[in-house]
Structure formats: structure tokens, C-alpha cells
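Letter by letter, the chains look like this.
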Amino acid sequence: MFNGKTRAETEKNSKNKGILRIALAGNANVGKSAIFNQLTGLNQIVGNWPGKTVERAEGTLHFKGYKIRVIDLPGIYSLSTFSMEEIVSRDYIAVEKPDMIINVVDASALERNLYFTLQLLELEAPIIIALNQVDLAAKKGIRTDVQKLSEVLGIPVVPTVAITGSGINELLSTVVAVIRGELKLNPMKVRFGGEIEEKIQTLEKIVTDKLAHLCTVYPARWIAIKLLERDSDVAGKLKNYENGNAVLEYAEKIAAELEKIHGETSPVILASERYSLANKIAKETTTIESPPKISLEQKLDAITTHKILGYPILATIAALIFTIIFAGGNTLSDILNPLFASLSTHIANVLSQFLPAAAVELITQGLFGGIVAGITIALPYIIPFYVILALLEDSGYLPRAAFLMDSAMHKIGLHGKAFIPLMLGYGCSVPACVGCRIMETERERFLTAFVVILIPCAARTVVILGLVGKYVGLHAALALYAFDLVLVFALGRIAFKALPGEPVGLIMEMPPYKKPSAKIIAIKTWNRTKDFVYMAFPIIVAGSLIIEALALSGFIDYIVNASEFLISGWLGLPPVAGIPLIFGVLRKELALILLENALAQQGMVLTDLNAIQMIVFSLVVMIYIPCIATIAACMREFGWRKALAIVIVDVSLALLLGGIAYRLLSLFMNV
Amino acid sequence: MELRDKEKQNSQNNEQIVSLTSLQEGAKGVIAHAVGGFGLIRRLAEMGLTPGVEVKLTKKCPFHGPVEVEVRGVALALGYGVASKIFVKPLGKEQNV
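Predicted model only: the values in this text are computed from it and were never measured.

K.L.:
Teacher, can you tell me more about the overall build of chain B here?
P.N.:
Of the regular secondary structure elements, chain B holds 3 helices and 6 strands. Counted from the first residue to the last, chain B has its helices and strands arranged as α-β-β-α-β-β-β-α-β. Each of the 97 residues in chain B was classed as buried or not, and the buried ones make up 47%.

Laid out in C-alpha cells, this is it:
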């Protein structure tokens, strides 16, 4: 049942082999991932924890003859069971037992960060502290007595400024010194007040007696505390033990006694206890040197979250991002496309000397075409998008945007944080889908993803602007965007009502603004692009091959013929428009290029379509089946059932709305 | 834990308890209690909003928008629904340091 190593086993663990396993743990927004990036640079593998949609970032480095594997645990505020991230983190610490945990602590918010440190100490894990953002703290007039903090906690404390890389070397030296036994850890024993401590100790004795095996994995005192806190995960583990239920009943009894004395629920009592202790330590070890002046960052914060000014600023930033991704992407795409086109012709010429025509087509159009499709999305659109995303994340603007949009997002049953993936959706649906992880519950993640996919990404924008914007007019293109927002709002509301579960309110930290570092943005962009390439490329290429094979076997014509009643009868489009709609699954902007090709085969050009047909075609492309990379992302995040559900809903919706639009527009527009 | 006792005393002098959302921008208060589900109350406590702690309301959005509070040296954004479930004892101006 527990694959965890016992404490004795870890002693002689990997140390001897010269491989160290280090975990980074700490709150969100403390510069933990900046430290991770400084430590591991480009040697990172970003993936998921087995069976969970929680990001697992791992990297390796070499230091003083040790090969060090660093794992970046999710940024969390507590080690309870509020989210998957918290459970993953504490199980990793308790069960996998890394050789060392670096607890990244924000020097400018010591009290809140120590709350987490105390919980690590409760887990009796080997920890050292990276006291990060000491520069930021100094700006606020906060000075920490590093020596004293180290003495009080009984563990080494290394001051760092992760963004510049200062202190990183000392941090590693300290890790190695502790591993080699040159520095001893003598961690403070976390003790609570009066009757709380009494009750914990009573329960601890019982746990040690009755649950000997569980105590080889988790510390007995920790189990006792978690039982008092009514931790559902630990309670679940107990059910597998002979004496488990008896211990559980006893724990419930004393938790109730405690609650009677304090008039608060037991997790609140224990949280208050930890915070009092954290407050005491923070007061002892920090001095506020000068009354904090109003800094530039604070002024920036006041303006960007201003109840009136904040919104035009948000709109301007969004418009700017949109322009950069769209204009920049188009330019790059225009440069790359002819290059690949000539390369493709060249390959075809070479291959046709010794391969039959069908095979050549399969290779050039299917295989090579798929790779090109991947590259011409990844390079021009995804990379600039990731750069901007990293910039927004690291500067601290994203939570401000979420704060401003909280009320609006509540209208569709979500809260402000959902605005972040929604905004990302205008760039690319793939990272936007992954971005839904910031939502707290599975229900909210899925709800957010559902509406995010309906947001026209850069590729869909190419179709809308390239067809409707260019030939019908900008007003019509903007009307399509406006309609999309109405749709997102309406569907979000319906889905919110239809899906069972309670909405969760906004509880979010607002970290101070920071100057982003170019190095860290570059590392983030590189690793995310790599992840995108690994995930999306095989699927794009496979999809491209399948569709090309279908075309070569004549199966596509059969599909087009069979769907003629839908394409022509229902949507009022020329029958050949079915082909671009099918291929558009690979990448949405391909739909426009292929529409042009398909029409050309009939001796027609784009302008032979009337305004209604252009609008209907763009509308369908905007809503129908998410592109194949997005489907892949959805499957990874939510499983194939939910991904399939999204596909079915979106396709039916696109056809339904397309047909209605055709009929309604025919009434009002003369063409 | 004298500190904790002091915090508790703070919260027990509750002659006048109001919802966090009814504080003015810039005003301070001491948390008396929060109402709501087990999960919400626990989450608030973990984020530092425990009974007895002093909070400052730094921003308030109109039309039932979110609020921003400063607690334990950290800025937290709370949705209106969440904030209205937190009750505080307002601190008079003279008590502000």
C-alpha cells in the first residue's frame, strides 16, 4: 500500500551514489521557480505528476562532484488537502523522502511564509531555507537577521535574490555541507499552546502504539496533528488499518473537545496556533528600519488596479499583446511559408524519381506538411506568445487583471482568476487550456477550459480578419468577435448551471510588481516551447498523415459528398468548403488557405463568395472542433471523455449557429 | 502562548462587529470570525485570516466587486462573496499606528 521508503532506508539512500535529490518547496510568488530556473537552466523536463494534472518540473545540475536532481514542487500556502497540488507536495516530501528540501521563503512576507515552514518542520523533513527577495524586502524597509532566524529555526538560512542569481552558489554549498555532515540540522520542535499540545501528545502516543507501520512513513506527531485537523486524506489512509477506525473515533472525540473550548473549528485553531508562532519568530528576527515610502511599484499597483483607470489600461495591454502576436506572427509566417513551400517542391521533385506519385504526395503533403504546420504555428505565434506570457507572469500583472475582472467573471459563475486563461485564449488555445490549472477545483477547471476554447485564437483571427475583415469589412469582423463574447457569456452561464457543484470565490495573493529578468523569461519560453513541440508535433503530424491518406484514397470526396446537404443545404456554402473545414482541424488558419485552393479547383476565387458565405464560414471556423493540438491538450488535462464532450458540443454548436446565421443574414442582407 | 491569548482577547471584545465589505477603503479591523463552509473557513485561516488578526482594507471595487486586504504583510484579493463572510471589529482611527 505504501511504496514509501522508511526512514532508515533513506539514510543510506542515493547519497552514496553521488546523486542527490532536492525538492524546492514554498508559497506561490516567492521566486521559487526563479530559483529553479537559476539552478537548472535549460536542463528541465516539465511534465505532469503521474495521473494528476499538476505540473512537475524537474531538472539536473552538477555541483562539487554531485549530480543533483532538483524537483520544483507546486507553489502552495499550506500542506493540507485543499488542492491536488498540496497533496502531491506533501506525499512527495513524506513518501519519496528527498535528500534535502529547500524551502524558498519570501523575506518581505516572512510571517506568512513561516506558516508553511512550520508545516515542513512538522513533517520532520530535512530542510534548509533560501531567504529570497531580500532586495525587495530591503526596499520595503524590512531587514531580516539571518543569523538569528537560523538559530531560532535550527536550520541554515541562505539569503538569495533569485532574479539576479545572487546567493544561488551559497545555497548549493550549504546543501552539500549538510549532506556531507559538515553542517548539522537541529530543527526547532514545533510546539503549540496549553491544552492543544496536551491533546496532540496524547493522540501521538496512541498513533505510535496502534499504527506502527504508518509511522514508518509519516511522523507520528504529524499524523496526530492531521487527525486533529480532520484531514480527509490521512483519515482515508487510516481506514486500511485494523485499529484505524478506533483511532479515528478517538481523534474525532478530542477534536470536538478542543472545538468546544475554543469555539472555532479545529483546522482554524491549529492554523491560528501556527500563525502566532510564525508571527513571534518573524517579530524576533526582523526589524523595520525606515517607514516605507511609497515606491514606484506601489504607484504602478494603484494605477493598474484603479476602479476606473484600471480598465482602459487592461484593454490597452490586451490590444497590444494581440497586435504583437498577430502582426508579428503574420510577418514571420509570411517569411517562413514560401521557404517551406519551395523546400516541399524540391523534396517532391527528388522523391518522384523513385517513388509513385501517391507516396510522394503522402510524404510531402502528409508528413512534411504536418511538420511544416507545426513549425509555422510554433515559431511565429507560440514563441512570441510565450515570451509575453512569461513577461506578464513575472511582472505580476496577471493577478491585477484577475482582480479587475472578478465581477465580470462571476457573471459566468467563475471568478477573476479565470480571466487569465481567457486572455491567453486570444493567443493560443493550447497554453490557455493548460492555464486553466490555476482554477481551484476540477469543476472550475473544466468550465473555464470549455469557454476558453471558444475564444478565437490567433489562427482563427487569421481566418476572420483574412476573409471577413478583408472582403466584408472590419465592422463585420468586429461583430463576429462581439458575438463570440456574447456566446461565451451565454454558454458559460448554461454550463455553470448545468454542471453540479458550488462556485468558489476569489482568494488570491496580489504579489508586488517586480522587474522581470530577461534570462528567466528566455528559460521559461524555451522550456514551454519544448513542451509544446513534444506534445503537439506528433499529433499534428499523425493527423496530417491520416487526412492526407484519406484524401488520396478518395475517402475525403466521399465525406464531402455525404456532407453536401450540411455544407450547401444547411450552411449555404459551396460544396467544396467541406474540405477546408475538415483540414482546418489540423490548424485553423489552414482553413482559409485550403478554401482558396478548393475554390480555385472550381475556377473560383475567394471574392466569388458572397458576404453571407464569408461570415458563415468564419463563424463556423471560429466555433467548430478545436484544433488537434487543443484536443490533445484537453485530453491531457481532462481525459478523453471530457475532451470528446467538448468536441461534440462545439461541432454541433458551430453547425447550428452557422445554419441560423445563414438564414437570418439572408433576411437582412442583400447579396 | 501569550500572543495567541492577546489575539483572542482582541476578538472577544466584540461589541461592534461588521462585515469586512462594510469597512471604508484604508480602514483597519480585527477579524472576529468567518461564516461559511468548513473548506472556506479553513482556507481563509491558512491564508492568514485567522480570528484576532488585524487587517487593513486597501482597495474596494464598486458594484460588489472584489476587495483587497493587507494581512500579515501580504496583499490578498478577496471576491465580494468571500469578503462578505468575514466579520471584523473596526479599529478606530486613534488605534491606528
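What follows picks up the thread again.
K.L.:
I would appreciate a short explanation of the overall build of chain A in the present structure.
P.N.:
Within chain A, the regular secondary structure consists of 30 helices and 10 strands. For chain A, the C-alpha radius of gyration of 29 Å lies close to 26 Å, the compact-globule estimate for 671 residues. For chain A, the spread of C-alpha atoms along the principal axes amounts to about 85 × 60 × 55 Å. Burial status across chain A gives 47% buried among its 671 residues.

K.L.:
Whenever I open this one, the packing of helix 23 (residues 518-552) of chain A against helix 29 (residues 628-638) of chain A confuses me. Can you help?
P.N.:
Relative orientation and spacing of two packed helices are given, respectively, by the angle between their axes and the distance between those axes. Residue and element names in this part refer to chain A. Put simply, helix 23 and helix 29 touch, their axes get as near as 9 Å, and they point 130° apart. Considering their axes alone, helix 23 and helix 29 lie oblique with respect to each other. The crossing of helix 23 and helix 29 is right-handed. Between helix 23, through Met535, Ala536, Ile539, Ile540 and Gly543, and helix 29, the contact on the second element is made entirely by Ile628, Ala629 and Ala632. The residue inventory of the contact of helix 23 with helix 29, partitioned by class, reads 7 nonpolar, 1 polar and no charged.

K.L.:
Is there a simple way to explain the interface of chain A and chain B in this structure?
P.N.:
Accessible area lost when the parts come together is the quantity often used to give the size of an interface. At the interface, 33 residues of chain A touch 32 residues of chain B. Those elements that provide at least two residues to the side of chain A that touches chain B are helix 4 (110-122), helix 12 (266-285), helix 16 (397-404), helix 17 (406-410) and strand 10 (507-509) of chain A. Residues belonging to the side of chain A that touches chain B are distributed by class as follows: 13 nonpolar, 12 polar and 8 charged. Two elements, strand 10 of chain A and strand 5 (residues 74-78) of chain B, share 3 bridges in a ladder whose sense is antiparallel. Looking at the pairing, glutamate 509 of chain A lines up with leucine 76 of chain B of strand 5 of chain B.

K.L.:
Would you take a moment to explain the domain arrangement of chain A for this structure?
P.N.:
If you check the domain split of chain A, you get domain 1 (7-179), domain 2 (194-262), domain 3 (310-527) and domain 4 (540-668). Each of domain 2 of chain A and domain 4 of chain A has a C-alpha centre, and the two are 59 Å apart.

K.L.:
Sorry if this is basic, but what is going on with the nonpolar core here?
P.N.:
In this structure, Ile223 and Val620 of chain A together with Leu76 of chain B are the most contacted members of the largest nonpolar core, which totals 221 residues. Tallying contributions element by element places helix 28 (residues 611-623) of chain A first for this core, with 10 residues. When sequence neighbours within four positions are dropped, the list of residues in contact with valine 620 of chain A reads Leu571, Leu581, Ala654 and Gly658 of chain A.

K.L.:
Just to check I follow, could you spell out the environment of valine 178 of chain A for this structure?
P.N.:
All names here are of chain A. Along the polypeptide, valine 178 turns up in helix 7 (residues 168-179). Classification of valine 178 by C-beta neighbours within 10 Å gives partly exposed; the count is 19. In the structure, valine 178 is positioned 78 residues away from methionine 100 in sequence and 8.8 Å away in space, judged by C-alpha atoms. When residues no more than four places from it in sequence are discounted, the contact partners of valine 178 are Met100, Ile128, Pro156, Leu183 and Leu185.

K.L.:
Even after reading the chapter, I still don't get the environment of alanine 390 of chain A, so can you show me in this structure?
P.N.:
Tracing the backbone through its elements, the reader meets alanine 390 of chain A in helix 15 (residues 357-395). In sequence terms alanine 390 of chain A and glutamate 442 of chain A are 52 residues apart; their C-alpha atoms lie 25 Å from each other.

K.L.:
I'm lost on the sheet that holds strand 4 (residues 66-72) of chain A in this one. Help?
P.N.:
All names here are of chain A. Strands sit in the order 2-3-4-1-5-6-8 across an open sheet of 7 strands; the sheet is mixed. With partners counted over all chains shown, the strands left at the sheet margins are strand 2 (44-48) and strand 8 (157-159), one partner each. Pairs of neighbouring strands in the sheet enclose a mean axial angle of 25°, with direction left out of account. Pairing of strand 5 (residues 100-106) with strand 6 (residues 127-132) involves 6 bridges; the strand directions are parallel. From the neighbouring strand, isoleucine 101 faces strand 6, where its bridge partner is isoleucine 127.

K.L.:
Explain the sheet that holds strand 1 (residues 18-19) of chain B to me, please; I cannot follow it from the model alone.
P.N.:
In sheet architecture, strand pairing relies on hydrogen bonds along the backbone and comes in two forms, parallel and antiparallel. Strand order in the open sheet made by the 7 strands is 10(A)-5(B)-4(B)-3(B)-2(B)-6(B)-1(B), with antiparallel pairing throughout. Sheet topology places strand 10 of chain A together with strand 1 of chain B at the edges, where each strand pairs with a single neighbour. Sheet analysis places strand 3 (residues 54-60) of chain B next to strand 4 (residues 67-71) of chain B, joined by 5 bridges and oriented antiparallel. Pairing of valine 55 of chain B across the sheet is with valine 71 of chain B, part of strand 4 of chain B.

K.L.:
Mind showing me how you'd approach unusual backbone geometry here?
P.N.:
Negative phi values dominate among residues other than glycine, just as trans dominates among peptide bonds. Although it is not a glycine, lysine 97 of chain A adopts a positive phi angle of roughly 45°. By the secondary structure assignment, lysine 97 of chain A is in the loop between helix 3 (84-96) and strand 5. Overall, lysine 97 of chain A belongs to the buried group, with 21 C-beta atoms counted inside 10 Å. Of note in this structure, histidine 64 of chain B is not a glycine but carries a positive phi near 55°. Locating histidine 64 of chain B in the fold gives a position in the loop between strand 3 and strand 4. What makes histidine 64 of chain B partly exposed here is the crowd of 14 C-beta atoms within 10 Å.

K.L.:
How should the packing of helix 20 (residues 442-453) of chain A against helix 22 (residues 474-498) of chain A be read in this particular structure?
P.N.:
All names here are of chain A. Where helix 20 contacts helix 22, the axes come no closer than 10 Å and their chain directions differ by 155°. Relative to helix 22, the element helix 20 lies roughly antiparallel. Seen along the crossing, helix 20 lies across helix 22 with a hand that is right-handed. Here Leu447, Phe450 and Val451 of helix 20 come into contact with helix 22, specifically with Val488, Leu491, Gly492, Ala495 and Phe496. A breakdown of the residues in the contact of helix 20 with helix 22 according to their chemical character gives 7 nonpolar, 1 polar and no charged.

K.L.:
Sorry, what's going on with the pairing of strand 5 of chain B here?
P.N.:
Note on strand geometry: in a regular strand, side chains alternate between the two faces of the sheet. All names here are of chain B. Within strand 5, 5 of the 5 residues are buried, leaving the element largely enclosed by the surrounding structure. Of the two faces of strand 5, both are covered, the one formed by Val74, Leu76 and Leu78 as well as the one formed by Ala75 and Ala77. Bridge count for strand 4 against strand 5 is 5 bridges, and the pairing is antiparallel. When the sheet's bridge partners are listed, valine 69 is paired in strand 5 with leucine 76. Turn length for the strand 4-strand 5 hairpin, with the two strands adjacent in sequence and antiparallel, is 2 residues, and the turn residue arginine 72 shows positive phi of about 50°.

K.L.:
Would you take a moment to explain helix 20 of chain A for this structure?
P.N.:
Since there are 3.6 residues in each turn of an α-helix, residues three or four apart along the chain are aligned in direction. Residue and element names in this part refer to chain A. Between the first and last C-alpha of helix 20 there are 17 Å, a value that for 12 residues agrees with the 16 Å anticipated at 1.5 Å per step. A large share of helix 20 lies buried, amounting to 10 of its 12 residues. Taken residue by residue, helix 20 has Glu444, Arg445, Phe446, Leu447, Thr448, Ala449, Phe450, Val451, Val452 and Ile453 as its buried positions. On the buried face of helix 20, the contacting elements are helix 18 (419-425), helix 19 (429-435), helix 22, helix 29 and helix 30 (640-668).

K.L.:
I tried to follow the environment of leucine 491 of chain A on my own but got confused; where do I start?
P.N.:
Residues and elements named next belong to chain A. Note that leucine 491 resides in helix 22. In this structure, the C-alpha to C-alpha distance between leucine 491 and serine 407, residues 84 residues apart in sequence, is 17 Å. Beyond its immediate stretch of four places on either side in the chain, leucine 491 contacts Val451 and Leu454.

K.L.:
I keep staring at the confidence of the model for chain B and nothing clicks. Help me out?
P.N.:
As a note on interpretation, predicted positions should not be read in detail where pLDDT is low. In the predicted model, chain B carries a mean pLDDT of 84, and 79% of its residues have values of at least 70. Overall fold confidence (pTM) sits at 0.85, and the ipTM for the predicted complex is 0.84.

K.L.:
Just to check I follow, could you spell out helix 7 of chain A for this structure?
P.N.:
Residue and element names in this part refer to chain A. Here helix 7 contains 12 residues, and its C-alpha end-to-end distance of 17 Å stays within 8% of the 16 Å for a straight helix at 1.5 Å per residue. Of all the positions in helix 7, only Leu171, Leu172, Thr174 and Val175 are classed as buried. End-on, the buried residues of helix 7 take up no more than an arc of 155°, which puts them together on one face. Those residues of helix 7 that are buried lie in contact with strand 1 (19-26), strand 3 (55-63), strand 5, strand 6 and strand 8.

Thresholds, definitions, all that
- Residues numbered from 1 in each chain as written.
- Chains lettered and ligands numbered in written order.
- Predicted model: local features only at pLDDT ≥ 70, side-chain atom pairs only at ≥ 80, totals over all residues.
- Helix = DSSP H or I, 4+ residues; strand = E, 2+ residues; numbered from the N terminus.
- Buried ≥ 20, exposed ≤ 12 C-beta atoms within 10 Å, placed from the backbone.
- Rg over C-alpha atoms; globule rule 2.2 N^0.38 Å.
- Axes fitted to C-alpha atoms, helices over the stretch in contact; angles between N-to-C directions.
- Parallel < 35°, antiparallel > 145°, perpendicular 65-115°, else oblique.
- Left-handed = near helix turned anticlockwise from the far one by under 90°.
- Contact = placed C-beta atoms within 7 Å.
- Nonpolar A, V, L, I, M, F, W, Y, C, P; charged D, E, K, R; others polar.
- Pairing = 2+ DSSP bridges.
- Domains from an automatic or database assignment.
- Core = buried A, V, L, I, M, F, W, Y, C linked by C-beta atoms within 7 Å.
- Expected span 1.5 Å × (residues − 1).
- pLDDT = per-residue confidence, 0-100.
- Arc of directions from axis to C-beta.

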